[in-house]
Amino acid sequence: MPEQNTVTINRGPRETIYDLSDAGKRCLYVDADPALPAVDPVARFGQYAAAEPPALPQVNEVEIMRHYAHLASMNFGVDVGMYPLGSCTMKYNPRSCEDAARLAGFAELHPAQPAQSVQGALRLMHELQTDLGEIAGFPAVSLQPAAGAHGEYTALMVFRAAHAARGNVRRKVILPDTAHGTNPASVAMAGYEVVQIASTPEGLVDLDALRAALDQDTAAFMLTNPNTVGIFDPNILEITAAVHAVGAYAYCDGANLNAILGVVRPGDLGFDALHINLHKTFATPHGGGGPGAGPICVTAELSPYLPGPLVQHVDSAEDSYQLSYPEQSIGRVRSFYGNFGVMVRAWTYIRALGGQGLRDAGQQAVLSANYLRCRLQDAYRVAYDRICMHEFVLSGSPFAKAYGVHTLDIAKRLLDYGFHPPTIYFPLIVDEAMMIEPTETEPMDALDAFADALLAIADEAARDPEMLHNAPWTTPVRRLDEAAAARTPDLCWQAPTADAHGSR
Amino acid sequence: MAYPNDRKYSSDHEWLLVEGDEATVGITDFAQDQLGAVVYVDLPAQGDSFSAGDAIGEVESVKSVSEIYLPVSGEVIAVNEALTDNPGTINEDAYDEGWIVRIRLNDPSEVDALLDAAGYEASLG
Amino acid sequence: MNYLPITRRQQQQMLDTIGVSDVSQLYTDVPDSVLLSGAPSVAGGISEVALTRTLDELAGQNANAANDYVCFAGGGIYDHHRPAFIDHLIRRPEFFTAYTPYQPEVSQGTLQAIYEYQTGICLLTGLDVANASMYDGATALVEAAFMATRIKRGRRVVLASAALSPDKLQTLATYAASDLIEVRHIPVSSGVTDAAALADALAAADGQVAAVLLPYPNYYGLVADVSVMIAATHDAGALAVLDTNPIMLGVLASPGSLGADIAVGEGQPLGNAMSFGGPGLGYFACTAACMRQIPGRLVGRTHDVDGKRGYVLTLATREQHIRREKATSNICSNHALNALIAGMYLAATGPDGLRSIALDCLAKADYLREQLLATGLFSDPFATDDGSDGSSGGARPHGYEFTLTWTGQTPLRDLHDELFARGYLAGIITPDGTGLILATTEKRTIAEIDAFCQEVVRCA
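**Side note on the interface of chain C and chain B**
Tallying the contact residues gives 6 residues for chain C and 9 residues for chain B. Between chain C and chain B, a total of about 580 Å² is buried, with carbon and sulfur atoms accounting for 48% of that surface. Looking at the side of chain C facing chain B, the largest losses of area belong to R292(C), T317(C) and R323(C), adding up to 68% of the total buried there. Taken together, chain C and chain B are joined by 3 salt bridges. A salt bridge links K326(C) to E67(B), with the nearest nitrogen and oxygen atoms 3.6 Å apart. Our enumeration of links across chain C and chain B arrives at 3 residue pairs in polar contact (both at pLDDT 80 or more).

This is the structure:
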């Protein structure tokens, strides 16, 4: 056990809520109204009546509170410490945004309410559509997609509809090898074939390879820009022009929008569509994996195909708003109007910052990333040694070769120092990759402490590789046996004895 | 790592142990080491026919998936069902207990084009 | 407002360390022609005081179900009571400011909570495996259809009951435009999926059907004789998918016990705010046989190097970050916070509580239905000759949602608007415009129902 550690969270494993169950305990229960006749499920539903209700746990409120409080204490969040996950933009989640989404006038709206009774909600959505369009440089926005991957899929279906409207069925979509896994998966779900092209040694789009791959059968080219190694592609205007030259659409994966927030607009770069992750760039919380929101922005040419419903400003004199479908809409891609609660948070964030605040945030994100890169460039190998955008990639390969210490070991050791590790082993084109995105909301002393921790780990790698192989040491649990989990999947708690808790 | 001399190898890291017009197929020690702990093997069905170069199944580790290619053409006459419960056998004993399928070769001469142990080891560089 | 903790002096230190004199020098890769000269034209930059005022004003322009009207609408989103403790727990920043639990050593809270949520969904649905949740009920249904076509390789026809909600049918139609699946609708007869039409469609598709999608209860509130249809589905070699309101599973036989292969649905009723329809969550469960084709995240239990119990994301080779275009779905998130809420809700209700809530909702739905029929302004659109409302023969039983045909003079849309103006959301108007689909939750009172019925009479 090494001497150096900073314990931020340290409570051991806890039994499940099901293990706590004890027959007869209750928390949420409704007494039948004595004025109404009792409902007999068997008489009512016959064979469709449950013999007995599901064998859920029987616990009291205080036990639930303690249980989840314990679980929370085993978790790391942005409020616990620096969370520099590359391409995830783990910035601070302002509390005003949380409170906003909980206002009864937003949280307690039923989607079937008449439009005139939700004018505030529709106005908020309309303003968000307009603001996102202004920020991204596009005239039309759909707030419907629930996540980035959902936005990608939606945009591909918009492309499909636009090509089809011209009687032009195209079959393939081109991606660089640096693409996020969602890109090819979305392409496949949209019924297209994936064509992957190699990147240049600098991690940029290989224009020759792109031109060779583009043809009349190409529906679209998808690109993350700034890309997944944190570099803004300097050839971007040539790239989008080449895509347009064969009648294909250029798609921007907006995962890295934070880098160019208020500084560059993807719509000005020749892109035809973009998705925005409200849970990245616009500070809505990640929630342990969701919910997020992935609105898409498109050109005027593509706007007739957007999914509905959109919010329209109908009557400027009355200043009223309504939901409508564009003329040749692809339809809806989910129920209702999108993740409205997430939109409220993003709107609140945008209003808090304003245009200048957004630009300041984007610029600070880039400045902080470059500062961190410079602090680490002597001890670590920077995969692309140049000015970066909001994130940069280190390669742990020198440590792997010299000491047998892998990026995974370094990442796990960071946990002992009280930091969440960066994104590791992505992008795939960098050996032993560590992708670091500090975001603009990290104080300078946090950036320095993080850099110091990585420098200390670099020393430890030389001194005591074995200690790193066994890190982390201080977390609630240590390295977990993922192979055992996958070989014999235990995905659902089973009662130890059937009679104690009921069996399924 | 060991590459037994009694069998043939493909550049995609499969081995073939040929007995007459039948062959047992598995993945090499190098392949299992690269994959890490094997957690699942997707096996073909007995009776399936494949052309040379076809993927006949997949080997999964925790964070990767690799297709198993059949370097010659043939029909599956047996599959190693024991891998379903114990996929880790491929890590522990890639050349014996960790075999994947047995096939009847369509054309035993196809085997001639495969690498021998020395050739395979040299191909790993 | 801003959330930038870096001072000007520190910014200068950073620039010095990097070796540039100005932030603009960090954007040298960007063509000059596209660099903005100033900030985008977006309103804001205001204090929290002003922001709060603006938000209150916007929120105040909406009529909300907590203060302004009585909600009798459902259609997937229900006005159930949400236990107070839930919001206190999900405000714990360790939960809501965390990312996906990719580093399990510091994500045991999220992971264990999801494992417990998965267990709750398995218990509700009577199925073996549940994923960590999806975007909503509609996308979960689409994913079920896609999963079935992977399992039933070579088959691409999906038969969808026309008694599914319009939102879900429309979402399916959008996804079908990729030509990877072909959706055919099974018509509704007497308010429920027409079993004879299903049999015909299965026969007509001649072995091409991968899945049959059935609501339970359906958009009109009715519980159809789904066992017969599940059997017909299996006879045709297809998978049976049930789309279910999870609260109803406190009293209804589970999809698994009825032989369904997959159960999906909108999980909002399990303790989540209505929030204008999102974010809720899509729950997704299936049999063990389908496990390796399930879309989305899964949490599994394992142990650490010291033998301590722990949880990890598992079977990740199904997912897009590993299998890319061959992944089981493009989804790379879940609605973790909503699933956390759902898990807490199921822990709070336990078996008896869930049943008590479902029974109370049913009792109040029955009362509302009787009172509305007693006004003489409504008729039962699904009444049969014998007037039976039982489970065998005649009309099918309803859950806590039901449909009535409007027979009054006032145009239905006007009635609906007028009732809203008087403080009642009178359900959802049926797709054919002739009636109302009404829901009651445990929050409704007899007094509210009585007052609502009186207003209906006044507005007739």
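What follows continues from the structure just given.
**Some words on helix α9 (residues 226–235) of chain C**
All names here are of chain C. Here α9 has its buried residues at V226, S227, M229, I230 and T233. One side of α9 carries all its buried residues, which in axial view fall inside an arc of 165°. Those residues of α9 hidden inside the fold are in contact with β6 (192–193), α8 (195–205), β7 (209–215) and β8 (239–243). Note on α9: the residue one or two positions beyond its end, G237, has a positive phi of about 75°.

**Let's talk about the side chain of R332(A)**
With respect to the element layout, R332(A) can be found in the loop between β9 (320–324) and α10 (340–376). Look at R332(A) and you get buried, because its relative accessible area is 5%. Within the structure, R332(A) has its side chain in polar contact with the side chain of Q170(C) (distance 3.0 Å).

**Considering the sheet that holds strand β10 (residues 381–382) of chain A**
Residue and element names in this part refer to chain A. On the basis of which strands lie adjacent, the open sheet formed by 4 strands has the order β10-β11-β13-β12 and antiparallel pairing. Only two strands of the sheet have a single neighbouring strand rather than two, namely β10 and β12 (423–424). The pairing of strand β11 (residues 392–395) with strand β13 (residues 433–436) spans 4 bridges and is antiparallel. In the sheet register, F392 faces β13, and the bridge partner there is I436.

**Topic: empty space enclosed by the protein**
Residues and elements named next belong to chain C. A complete count under the given rule lists 10 cavities of 30 Å³ or more for this structure. In this structure, the largest cavity spans a volume of roughly 240 Å³. G76, Y78, P217, N218 and N245 are the residues nearest the centre of the largest cavity, which is lined by 23 residues in total. Classifying every residue of the lining of the largest cavity gives 10 nonpolar, 9 polar and 4 charged. L222, R369, D380, F382 and H398 are the residues nearest the centre of the second largest cavity, which is lined by 11 residues in total.

**Let's talk about the side chain of H420(A)**
Turning to its location among the elements, H420(A) is positioned in the loop between α12 (407–416) and β12. A residue is classified by how much of its surface remains accessible, and H420(A), at 1% relative accessible area, is buried. When sequence neighbours within four positions are dropped, the list of residues in contact with H420(A) reads F76(A), M82(A), Y83(A), P84(A), L85(A), F450(A), Q103(C) and V106(C).

**Topic: the domain arrangement of chain C**
All names here are of chain C. What the domain assignment lists for chain C is domain 1 (70–81 + 351–459) and domain 2 (86–343). When each unit is reduced to the centre of its C-alpha atoms, the spacing between domain 1 and domain 2 is 28 Å. Each side of the interface is counted separately: domain 1 has 25 residues, and domain 2 has 24 residues. Here domain 1 meets domain 2 over a buried area of about 2,200 Å², counting both sides, of which 70% is carbon and sulfur.

**A word on the layout of surface pockets**
Roughly 1,200 Å³ of volume is contained in the second largest pocket. Where the lining of the second largest pocket is concerned, the elements lending two or more residues are α7 (182–189) of chain A, β4 (38–42) and β6 (55–61) of chain B together with α6 (137–151) of chain C. Residue composition of the lining of the second largest pocket, by class: 14 nonpolar, 7 polar and 13 charged.

**Side note on the environment of G396(A)**
All names here are of chain A. With respect to the element layout, G396 can be found in the loop between β11 and α11 (397–403). Sequence-wise, G396 and D431 are 35 residues apart; in three dimensions their C-alpha atoms are separated by 7.3 Å. Excluding residues that lie within four positions of it along the chain, G396 makes contacts with V405, T407, D431, E432 and M434.

**Description of helix α6 (residues 148–165) of chain A**
Residues and elements named next belong to chain A. The end-to-end C-alpha distance of α6 is 26 Å, a good match for the 26 Å that 18 residues give at a rise of 1.5 Å each. For α6, the tally of buried residues reaches 16 of 18 residues, placing the bulk of the element in the interior. Immediately beyond the C-terminal end of α6, within one or two residues, lies G167, with a positive phi of roughly 65°.

**Some thoughts on the state of the cysteines**
Considering all chains together, one arrives at 0 disulfides over all chains under this definition. The closest cysteine sulfur to the non-disulfide-bonded C71(C) is located on C361(C), 12 Å from its own sulfur. The class for C71(C) is buried, based on a relative accessible area of 2%. Distance from the sulfur of C332(C), which forms no disulfide, to the nearest cysteine sulfur (C88(A)) is 8.7 Å.

About the thresholds
Counting of residues starts from 1 at the beginning of each chain's written sequence and follows it residue by residue. Here every chain gets a letter starting at A, and every ligand a number starting at 1, in the order they are written. Owing to the predicted nature of the model, reporting of local features is limited to residues with pLDDT of at least 70; listing and counting of side-chain atom pairs is limited to 80 or more, with chain, interface and lining totals taken over all residues. Hydrogen atoms and water are omitted, and side-chain values are computed over all heavy atoms in the structure. Here, residues are in contact when the closest pair of their heavy atoms is within 4.5 Å. Once two parts are put together, the accessible area they lose, assessed with a 1.4 Å probe and summed over both, is termed the buried area. Only one rule defines a salt bridge in this text: a Lys or Arg side-chain nitrogen within 4 Å of an Asp or Glu carboxyl oxygen. We call two N or O atoms a polar contact when they sit within 3.5 Å, provided that within protein one can donate a hydrogen and the other can accept it, with sequence-adjacent residues counted only if both atoms are side-chain atoms. Summary of the burial criterion: residues with accessible area below 20% of their type's maximum are buried, those above 50% are exposed, and those between are partly exposed, where the area comes from a 1.4 Å probe applied to protein chains only. Counting from the N terminus, the helices are the DSSP runs of H or I reaching at least four residues and the strands are the DSSP runs of E reaching at least two. By arc we mean the arc of the directions from the helix axis to the C-beta atoms, nothing more. One bridge is not enough; two strands pair if DSSP finds at least two bridges between them. Put plainly, a pocket is an open set of points on a 1 Å grid over the protein atoms alone with protein on both sides within 12 Å along at least five of seven lines, a cavity is a set where a 1.4 Å probe fits but cannot get out, and a lining residue has an atom within 4 Å of a point. Grid points are joined across faces, edges and corners, and a volume is the space filled by probe spheres set on the points. Residues are sorted three ways: Asp, Glu, Lys and Arg are charged, Ala, Val, Leu, Ile, Met, Phe, Trp, Tyr, Cys and Pro are nonpolar, and all the rest, Gly among them, are polar. The domain boundaries here were taken from an automatic or database domain assignment. What a helix is expected to span follows from its residue count: subtract one and scale by 1.5 Å. Note on terminology: pairs of cysteine sulfur atoms within 2.5 Å are recorded as disulfides.

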